[in-house]
Amino acid sequence: MEQAVFLLLIALSPALDAFAVSVSSGVAVPGFGPAQALKLGVWFGAFQFAMPLAGWLLGAGVSAYVEAADHWIAFALLALIGGRMAAGALVQGCGTQARPEPAALTPGRLTALAVATSIDALAVGVSLTCMEVDILAAAGVIGAVAFCLSVLGGLLGRRLGCLFQRRAELAGGIVLILIGVRILIEHLTGG
């Protein structure tokens, strides 16, 4: 029982970033619905499952390299995607032009978002090599929590997007940039 609580707590940290990005996507992506929320959940859950396994396989010898760059990679990916979303919202404006369907959830964008939100899970996997933990169970819990929170976040963001359609894409882009900045500051300050 104690190990299950431990794994759940470990799973929450990287899953909260996925949740925040999912809320942002639900707000910003035109035509976002349950299918897109499920898509986010599957991508984020799969990456959150795979990254601890990869980290565990890499082992403690490589952890210093991963920890030295993970925040910069996450920041760069989120700032790039968020910046493009915000710029697109500013250029496109709020006129009566037809908006495209949710092209924002292309495989390339989903991969970039999934990598950015799961790099911490890679470091978690490296740290799990020092503990007596079943890595498949741990990765399963991490992936399942990320899946659930990502679907929930996307659906919550969809509701918010319906309320704030005019500024939704701009807000979504800014949120992604801020998440990237938060990750960068936390790692640079050690907090």
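From a predicted model like this one, the values you see are computed outputs, not experimental measurements. (Residues numbered from 1 in each chain as written. Predicted model: local features only at pLDDT ≥ 70, side-chain atom pairs only at ≥ 80, totals over all residues. Heavy atoms only, no water.)

Peer 1: So what's going on with helix α1 (residues 2–28)? Which residues, and what values?
Peer 2: Taking 1.5 Å of rise per residue, 27 residues should cover 39 Å, and α1 covers 39 Å from first to last C-alpha, within 8% of that figure. At P14, α1 shows its largest bend, some 35°. (Helix = DSSP H or I, 4+ residues; strand = E, 2+ residues; numbered from the N terminus. Expected span 1.5 Å × (residues − 1). Bend = angle between axes of the 7 residues up to and from the residue.)

Peer 1: Summarise a nonpolar patch on the surface; cite the residues concerned and give the values.
Peer 2: Where nonpolar side chains cluster on the molecular surface, the patch consists of V5, L8, L9, L12 and L16 and spans about 440 Å² of accessible area. What makes L12 partly exposed here is its relative accessible area of 32%. (Patch = residues over 30% accessible without salt bridge, like charges linked within 9 Å, V, L, I, M, F, W, Y side chains within 5 Å. Areas by Shrake-Rupley, 256 points an atom, 1.4 Å probe, with all protein chains shown as cover. Salt bridge = Lys/Arg side-chain N within 4 Å of Asp/Glu carboxyl O. Buried < 20%, exposed > 50% of the residue type's maximum accessible area, 1.4 Å probe, protein only.)

Peer 1: Just give me the short version of the packing of aromatic side chains, but keep the residues and values in it.
Peer 2: Tallying each qualifying case throughout the model produces one aromatic pair. Between W43 and F47 the ring centres are 6.3 Å apart and the planes differ by 10°, which places this aromatic pair in the stacked class. In this pair, W43 and F47 both sit in helix α2 (residues 34–58), four residues apart, roughly one turn of the helix. For F47, a relative accessible area of 21% corresponds to the partly exposed category. (Phe/Tyr/Trp six-rings, centres within 6.5 Å; stacked < 30°, edge-to-face > 60°.)

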